[in-house]
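Chain by chain, the residues run as shown.
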Amino acid sequence: MNRSLIEIVLVFYFEAKPFLPVTSCVSPCVLTSLGFNGSPPLSFQQRRFTPPSTCHSPPCDTGNKTLFLYFFSTTPLRTPTRKMASSFSRMLSSKQRIGVLSFVGGSLTAGMLFQRERVSGGAPVRRSYPASAEYPDLRKHNNCMASHLTPAIYAKLCDKATPNGYTLDLAIQTGVDNPGHPFIKTVGMVAGDEESYEVFGDLLDPVIKERHNGYDPRTMKHPTDLDASKIHSANFDPRYVLSSRVRTGRSIRGLSLPPACTRAERREVERVVVDALAGLKDDLQGKYYSLTQMTDQEQQQLIDDHFLFDKPVSPLLTCAGMARDWPDARGIWHNNEKTFLVWVNEEDHTRVISMEKGGNMKRVFERFCKGLKEVEHLIQEKGWEFMWNERLGYILTCPSNLGTGLRAGVHVKLPLLSKDPRLNKILDNLRLQKRGTGGVDTAAVGGIFDISNLDRLGLSEVHLVQTVVDGVNYLIECEKRLEKGQDIKHSSAPRTQLDPRLEPLPACPILRLALPLIPVW
Amino acid sequence: MERRENRMRRFLLFSRGLIDEALQQIGELPDKKYGGVGIATMTKNCHNDYKMKFSVDEEFPDLSLHNNHMAKVLTKEIYGKLRGKSTPSGFTVDDVIQTGVDNPGHPFIMTVGCVAGDEESYEVFKDLLDPIISDRHGGYKPTDKHKTDLNFENLKGGDDLDPNYVLSSRVRTGRSIKGFTLPPHNSRGERRGIEKLSIEALASLDGEFKGKYYPLNGMTEAEQDLLIKDHFLFDKPVSPLLTCAGMARDWPDGRGIWHNNNKTFLVWVNEEDHLRVISMQLGGNMKEVFKRFCTGLQKIEEIFKKHNHGFMWNEHLGYILTCPSNLGTGLRGGVHVKLPKLSTHAKFEEILTRLRLQKRGTGGVDTASVGGVFDISNADRLGSSEVAQVQLVVDGVKLMVEMEKKLEKGESIDGMIPAQK
């Protein structure tokens, strides 16, 4: 009897590859077969201690050995999460069922159950109409979601919900409501929580692949590197570079993202982040200004410093539900020197910005990394962590901000180069984008551009910042040559090091060939 | 070795079948017999269940700067009592109040601040909505009964309003179709179902009601221009009062305009309510407008009833609509009237209040008047019948036109100021 059970287990691991369980579901298995029955409503304290979630598991084929080890791994037996409460404890609430199922083998059960979906979703969504009647009319739409949402994928995913109850219809609402522009392709969908990226993976994976230039979340890994010492040549000529800025976003694991968060969750995000920020020291010491309790004077000061953010008016954000309950639990924190800034509960849980006037990008990035590391350390002390996983990097609301979520940019004066018709091609090949000085969707004023990195996912932070640095150095050089009356054709462009796994950029074959060549075009 | 592997595989399949059956019994898997998703009488609103894990204090909205009916009525006790509930289609109290939380309101203008997602919302969230209804509709009690009277013959007069002053007359109301959820909550499939049903029903009208449907999605440029010229076309709502309630979702899917060939009877489909029915014409013959209104409405109602989808109506609240301010008759009967002298008179507002009328600019709600031309309509919706409300408009406008004439002659109107109706 015992021998056949072992055989089953071994056969399972070595033969039944399609039934690869997600590793963390195994740990609940271990717990449940030990007799854990259901769970009481969890307070915030208990809920925080999320064991390494499903997201940490590699989705691709891992060695069987690893799985075997995971099964017996010392996943710390911490307090269970709502994930376990939702489907497992309900399933195994009766002793009889525990007996039956543990006979078959805890891991086998997990394998069967989770073959359906990697993450256990919530209860099926009730529909009065079939998927074909509910499928949105996307004929006039031009966004990534509309390009990839086929009726088949819709039918497959429309019944599903994440454990928090976030559904596909909610995720795609912003894309359905905003058909988009023929020239500007927006993403057209958002994630309501970390699990959305798993439960709606069939739609999100192709969208991510399109948006992030061929990065396939199912097979690729995203590198994270926040070591600022690796940046070189990052002190720009202040006659050209007026200011430098690096921004990213971070989400707090265990709490829903802005499109789906409840008031209580949003307030909890505020509390966690503000607590952590209060622990920063030295040049990072600062103060929090809540949007609801700001005085007029403080408000005016923040506007003058260009720090204040306002209620989103863009329908891309409002249709996704990110402006609900404004201005409850929103606020701005900045350090006394006004060089490190954190926005709380705007478009993401936190937006972290490091900036200063002048061209010392190295110092900006150093402060950025230092600040992020300290904030992460401070929240970990209290039992929280950032949403991160190996294949998607840092998890944020908009799929376009996955990976690093990093936008490193400078305000640079390029009056002569701005008139050059080759500028857009140059920027394309440098993997940079230009915006006006007012931010996204604004025009440039007086030849001053906001130049920043295009990529977010698939390349590390250090790589992206170095790309910006190299690119800006090159642009300044071009500008200098134009000032002297020389042509920019002979200046040496940086070899943009692309990840070889990524597809080449634009569809135009000429540009694709031009990439590895030194003259940029 | 191979036989053993086959045995193992068969065993795995067999045990998987056992587990499937077990899951089906608990209800985790859909019932294979009926195909598709299992039939459930109550929608499981997972998101609301998830919210219940937080305490009332953590979830209660901050209404300290708010000025709307919902903010005045909502207390932590009421919120705590209602937050666990949901209507059969999954509408919860947070959905009801979202628009009021997002729009603090204006110190002078008191908006309602909540919406209903379906017919049952008015029952399930009684504790919140009854006091709001009472505040908004002049003390209407939960035990009061609303009288519906769509018999146009009961209207006295209305055909003799002076066309030199009264430029146009219009009566509008809304209707919701039973069996569907309301615009804040409905899905694309439901909205399309409503549109399909409405097109069928309206296509069967004839005589003076013979007309054509123009879907917002499929209109040609020429049709669009003509509808704009006729002042028939409605556009995507921009008011945050509506967008925060979710009424502009999936625009313009499932929306459209139907009007008869004479361009005197108009139906908006899936704008702020399922149907908005409008009867209008130039000049001051309110009697004719009201007659066409009642006849048309009754014809439409008959057709919907035949399809087993009558209008949402009950004895206590009359016709059920999305916004609690439109309950009862949902009727706004009004005229565009030229009152340049009267409008500048000190007692204009008081006269309107006494006559139970309200003024708006010629662009509709929240617009200013142009050239002394006002949109004068009834202020009441719930507690009096359609005939009574239109009667108030007819009598009131007649009186105001006479006042205007007197003021033009330079005489005083103090003797004509009416008593509170």
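Here, the structure is the one placed above.
Residues numbered from 1 in each chain as written. Chains lettered and ligands numbered in written order. Predicted model: local features only at pLDDT ≥ 70, side-chain atom pairs only at ≥ 80, totals over all residues. Heavy atoms only, no water.

A. Structural context of the packing of aromatic side chains. Residues and elements named next belong to chain B. Going through the model one piece at a time under the given rule, you end up with 14 aromatic pairs over all chains. Here the aromatic rings of tryptophan 258 and phenylalanine 265 are separated by 6.4 Å at their centres, their planes lie at 85 degrees, and the arrangement is edge-to-face. Taken individually, tryptophan 258 and phenylalanine 265 each receive the classification buried, so the pair is uniform in this respect. Their ring planes at 45 degrees and their centres at 5.4 Å tell us that phenylalanine 304 and phenylalanine 311 sit as a pair that is tilted. The class of phenylalanine 304 is buried, set by a relative accessible area of 1%. Using a relative accessible area of 6% as the deciding quantity, one classes phenylalanine 311 as buried. (Phe/Tyr/Trp six-rings, centres within 6.5 Å; stacked < 30°, edge-to-face > 60°. Buried < 20%, exposed > 50% of the residue type's maximum accessible area, 1.4 Å probe, protein only.)

B. Examining the side chain of A:Thr467 more closely. Residue and element names in this part refer to chain A. Considering the arrangement of structural elements, one finds threonine 467 in helix H20 (residues 461-483). Judged by its relative accessible area of 14%, threonine 467 falls in the buried class. Looking at threonine 467, its side chain comes within polar contact range of the main-chain oxygen of histidine 463, at 2.6 Å. (Helix = DSSP H or I, 4+ residues; strand = E, 2+ residues; numbered from the N terminus. Polar contact = N/O pair within 3.5 Å; in protein donor to acceptor, adjacent residues only side chain to side chain.)

C. Representation of the sheet that holds strand E9 (residues 357-360) of chain B within the structure. Residues and elements named next belong to chain B. If you walk across this open sheet you meet the 8 strands as E2-E3-E4-E5-E1-E8-E10-E9, and the pairing is antiparallel. Each having just a single partner strand, strand E2 (211-215) and E9 make up the two edges of the open sheet. Each neighbouring strand pair of the sheet contributes to a mean axis angle of 20 degrees, computed without reference to strand direction. The sheet strands contacting helix H12 (residues 286-306) are strand E1 (166-175), strand E4 (265-269), strand E5 (275-282) and strand E8 (332-338), and the helix crosses E1 at an angle near 20 degrees. (Pairing = 2+ DSSP bridges. Axes fitted to C-alpha atoms, helices over the stretch in contact; angles between N-to-C directions. Contact = heavy atoms within 4.5 Å.)

D. The state of the cysteines, seen in detail. For the structure shown, the criterion picks out 0 disulfides over all chains. A:Cys261 forms no disulfide, and the closest cysteine sulfur to it belongs to B:Cys244, at a distance of 15 Å. For A:Cys261, a relative accessible area of 2% translates into the label buried. Here B:Cys323 is not cross-linked by a disulfide; its sulfur's nearest cysteine counterpart is in B:Cys114, at 7.1 Å. On the basis of relative accessible area, B:Cys323 is assigned to the buried category, the value being 14%. (Disulfide = S-S within 2.5 Å.)

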